[in-house]
Amino acid sequence: MAPKVHKRGLRQRSSPKIDSIEAEAASRATEAWKKAFDVVKIIKAVNSFSLKKKDNEGAAPATPTTPATPETPETPTTPATPETPTTPATPTTPGFTFANRSHWPIFRQILHDIGKAPPNTGGNGELESETDVALASFHDLVQRVHDTLVARVDTPQEEAFLEDTFVTPELRGCIFVGHTATDLDSIAGAIGAAALFGGIAAKSEAELNGEITYALREVAQMDEPPLYDDIPGASKPEVDESGAEKWHWICLVDHNEEKQMVESLRNDKTRRKRIVGLIDHHCVASSFSTDGPLMIDVRPWGSMSSIVAHMYVRNNLLMEPSVARVLMCAILSDTLNLQSVTTTNADRFAVALLAKVGGVEDPDEVARLMFRAKTNWVVGLGPYAMVRGDQKDFTVEDWKFGIAVLEVAGMVDQVLAVADELILELRALKVEKGGGDRKKELDFAFLFIVNVVKQCSVLLVCGGREYALAQKAFPGVPFATAKAGMPAPGNTISADQTLCDVGPLVSRKAQFVPAFSRVLNEGFTCGKPRVSSDEYTDEVEGDLDRSLRRALTEGTADVTLDESQNYHRDCGALGQAVFDDPDWQPTSALNP
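- An unreviewed UniProt entry lists the protein chain under the name inorganic diphosphatase, from Eutreptiella gymnastica.
- In its Cofactor (unreviewed entry) section, UniProt records this for the protein chain: "Mn(2+)".
- Listed in UniProt under the heading Catalytic activity (unreviewed entry), the comment for the protein chain reads: "diphosphate + H2O = 2 phosphate + H(+)".

1. Quick look at the overall build of the protein chain
- Counting its secondary structure elements, the protein chain contains 22 helices and 16 strands.
- A total of 592 residues make up the protein chain; the buried ones form 53% of that total.
- Sequence-distant contacts in the protein chain: of pairs separated by 6 or more residues, those separated by 24 or more amount to 71%.
- Looking at the protein chain as shown, the accessible area adds up to about 26,400 Å², and 52% of this sits on carbon and sulfur atoms.

2. A closer look at the pairing of strand β12 (residues 456-461)
- In terms of residue burial, β12 counts as a mostly covered element, since six of its six residues are buried.
- As judged from the six bridges shared by strand β11 (residues 444-451) and β12, these two strands associate in the antiparallel manner. Counted as the bridge partner of Phe 446 is Val 461 from β12.
- Hairpin connection from β11 to β12: four residues lie between these consecutive antiparallel strands, with Gln 455 at a positive phi of about 55°.

3. Looking at the pattern of salt bridges
- What the rule picks out here adds up to 31 salt bridges.
- Across the pair Arg 271 and Glu 258 runs a salt bridge whose closest N-O atoms are separated by 3.6 Å. A residue pair is termed long-range when its members are at least 10 positions apart, and Arg 271 in helix α9 (residues 271-274) and Glu 258 in the loop between β6 (250-253) and α8 (263-266) qualify at 13 residues.
- A relative accessible area of 12% means that Arg 271 is categorised as buried.
- Judged by its relative accessible area of 33%, Glu 258 falls in the partly exposed class.
- Its salt-bridge partner being Arg 546, residue Asp 543 comes within 2.4 Å of it at the nearest N-O pair. Remark: Arg 546 and Asp 543 occur in helix α20 (residues 543-553); sequence separation between them is three residues, near one turn of the helix.
- Residue classification places Arg 546 among the partly exposed residues on the basis of a relative accessible area of 26%.
- Ionic contacts of the salt-bridge type, sharing partners, join the residues Arg 438, Glu 441, Asp 538, Glu 541 and Arg 549 into one network.

4. Observations concerning the sheet that holds β12
- As summarised here, the arrangement of the seven strands in space is β1-β9-β10-β11-β12-β14-β13, forming an open sheet in which the pairing is mixed. For this open sheet the edge positions go to β1 (125-126) and β13 (479-480), each flanked by a neighbour on one side alone.
- Across the sheet, helix α16 (residues 419-432) is in contact with β9 (391-396), β11 and β12; its angle to β11 comes to roughly 140°.

5. Concerning the sheet that holds strand β8 (residues 295-298)
- Overall, parallel pairing links the five strands, which are arranged β3-β2-β6-β7-β8 in an open sheet. At either end of the open sheet lies a strand with only one pairing partner, and these are β3 (200-202) and β8. Here the average twist between neighbouring strands, direction ignored, is 20°.
- Sitting on the sheet, helix α6 (residues 184-197) is in contact with β2 (175-177), β3, β6 and β7 (275-280), with an inclination near 170° to β3.

6. So, the pairing of β11
- Burial of β11 is extensive: eight of the eight residues sit out of reach of the surface.
- Neither face of β11 is open: one carries Phe 444, Phe 446, Phe 448 and Val 450, the other Ala 445, Leu 447, Ile 449 and Asn 451, and all of them are buried.
- Pairing of strand β10 (residues 399-408) with β11, which is carried by eight bridges, proceeds in the parallel orientation. The residue of β11 that forms the bridge with Glu 407 is Val 450.

7. Thoughts on the environment of Ile 110
- With respect to the helices and strands, Ile 110 occurs in helix α2 (residues 104-116).
- Note: C-alpha distance between Ile 110 and Gln 511 (401 residues apart in sequence) is 9.2 Å.
- Those residues within four positions of Ile 110 in sequence are excluded, and the remaining contacts are Ala 473, Phe 474, Pro 475, Val 477 and Leu 505.

8. Examining the packing of α6 against helix α7 (residues 210-220)
- Direction vectors running N to C along α6 and α7 enclose 35°, while the axes themselves pass 9 Å from each other. Across the interface between the two elements, Leu 184, Ile 187 and Ile 191 from α6 touch Glu 211, Ile 212, Ala 215 and Leu 216 from α7.
- Counted by class, the contact of α6 with α7 contains six nonpolar, no polar and one charged residues.

9. Details of helix α11 (residues 321-334)
- With 14 residues, α11 ought to run about 20 Å at 1.5 Å a step, and its terminal C-alpha atoms sit 20 Å apart, in line with that.
- Counting buried positions along α11 yields 14 of 14 residues, so the element is predominantly enclosed.
- Leu 336 occupies a position one or two residues after α11 and carries a positive phi of about 55°.

10. Some remarks on the packing of aromatic side chains
- Scanning the model with the defined rule gives 16 aromatic pairs in all.
- Arranged with centres 3.7 Å apart and planes meeting at 5°, the rings of Phe 448 and Phe 512 form a pair that is stacked. Here Phe 448 is found in strand β11, whereas its partner Phe 512 is found in helix α18 (residues 508-521), with 64 residues between them in sequence. Summarising the burial analysis for this pair, Phe 448 and Phe 512 share the class buried.
- Considering the side-chain rings of Phe 579 and Trp 584, the 5.4 Å spacing of their centres and the 40° angle between planes classify their relative orientation as tilted. The pair Phe 579 / Trp 584 is uniform in exposure class, with both members buried.
- Pairwise contacts between aromatic rings join Phe 394, Trp 399, Phe 401, Phe 444, Phe 446, Phe 448, Phe 474, Phe 512, Phe 516 and Phe 524 into one cluster.

Cut-offs used in this document
- Per chain, residue numbering runs from 1 following the sequence as it is written.
- It should be noted that, the model being predicted, local features are given only for residues of pLDDT at least 70 and side-chain atom pairs only at 80 or more, the latter also being counted only at that level, while totals for whole chains, interfaces and linings use all residues.
- Where side-chain values are given, they derive from all heavy atoms of the structure, hydrogens and water being excluded.
- UniProt positions are given in the numbering used here, feature names are shortened, and annotations may be inferred rather than shown by experiment.
- Helix and strand definitions here come from DSSP, where helices need a minimum of 4 consecutive H or I residues and strands a minimum of 2 consecutive E residues; each element is numbered from the N-terminal end.
- Any residue under 20% of the maximum accessible area for its type is buried, any over 50% is exposed, and the rest in between are partly exposed; the area is computed with a 1.4 Å probe on protein chains only.
- The contact criterion used is simple: two residues touch if any of their non-hydrogen atoms lie within 4.5 Å.
- With residues, only the protein chains shown are counted as cover, and all accessible areas are computed by Shrake-Rupley using a 1.4 Å probe.
- By the convention used here, strands pair only if DSSP detects at least 2 bridges between them.
- Only one rule defines a salt bridge in this text: a Lys or Arg side-chain nitrogen within 4 Å of an Asp or Glu carboxyl oxygen.
- To obtain each axis, a line is fitted to C-alpha atoms, and for helices this fit is confined to the stretch in contact; angles are then taken between N-to-C directions over 0 to 180 degrees.
- Gly counts as polar in this scheme, as do all residues outside two lists: the nonpolar Ala, Val, Leu, Ile, Met, Phe, Trp, Tyr, Cys and Pro, and the charged Asp, Glu, Lys and Arg.
- Here, expected helix span is obtained from the residue count minus one, scaled by 1.5 Å.
- When two rings of Phe, Tyr or Trp (its six-membered ring) have centres within 6.5 Å they constitute a pair, described as stacked for plane angles under 30 degrees, edge-to-face for angles over 60, and tilted for the intermediate range.

Below is the structure:
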């Protein structure tokens, strides 16, 4: 799905190539949605065929139109075929069971119940995302800044003169290159800085991940920058007509560690002389040095692209919409859609401003589509990012629940290998969503792992309250242990209740949310009241939850960025609290 982009009043180029890209993207999106609902259509077709066959034989329909109870659907006592068991067996290991005919009546009943769910009304519905909040909070400021920049393009102020006279010449003509293990921030930052300073943007590696290519082609509608080693004057000298050799100066973006540099630059004996600039948002490595003074802009912001966006404002320049869009994508990627602990107000403002300049109406949707495009790299993202990359919050009858979706291409086992750490992140997410205010925390947090190849899903259940709701939302489906040998995440749930097989359900909007909403609208209760109510006190919370909260607030569960720009949490204390095991350690610590 191409992002919503309005072109009126913007200097946006249009061409047959861009029109072709948009048409192709729309076509792919349409086909993807068709596939997502093919399974449901098949189930309905099979159900219709079964009913007609029974009617022809004078038998009663296999599935009643009204379930016997709201919690448990009625299952036929006579199997459809002699070899089909009448009762689905709960699997001992995680696995998709849609191929098991005995589960079909269960899934039919769930689809039937979802179809009956009333639409959300009143205060019910989707909660604002962090990106929505940022757009609203900075709307007036962004409008003033945007209007001012438009006016100052032709009549720049003194600060722009100073920047253009004393700063820009130092970086003009440089090659702007990011780190290896390339991410979107290093690509977008290089593009934005090169456009600002009249230089050359470069990529450090030939192969780019799906998120980067999606942002470039579908959102920004631009080509990939050239490979650093392919640029004359980068790793090999550029020879002019007279035979003289020429080398480009270098500005590093989004990194300064020597081991993260392009190999040819890292091994270049003249590197310390050639590096004349650094734009970064990471700490400066103790090993980083140059032979001379350099232009350096390092800020403790969530994304280097936020720094580049600020440079445009200082220079009284309004960037091209395509550059604004790719910078916006990079900030959304690096901050996990403005949800990571590294996010600052500078990043929130930058996203709002860049969306305005780039003509992007729904940055939140762009962030989700980018995350889905990163499927092949998803296992390497780590549990923190997996839970937050495509996550949305909803409210029904004052209950607040969050649903994260992780779409993978046949890599379910690899994801479940870290199921215990994913469960910890879900528990942490519920608390962290409150931002220090318990009444704003989530009551439930779920992660659906969607197999886009087989078009089916499993649900990771992180606690007793989640199990109580999932059991009613998806009645009759099998539960299992999410990870072999994993302890129970609390004293109100067992380990074999941590993975729920929801079969052919694959859509958050059309299936997951309606299933939960139906139950919550019917007067759902569980062992604890809503976190937003006055009845939810420290005494109600329980020892394990209090231990979890202490770990999150006292600095024993900090989140850091590694050299590959992936988020990692020190989750030892969290695991010991949630699993009630003083010796628990994450898999990564046990198998370094």
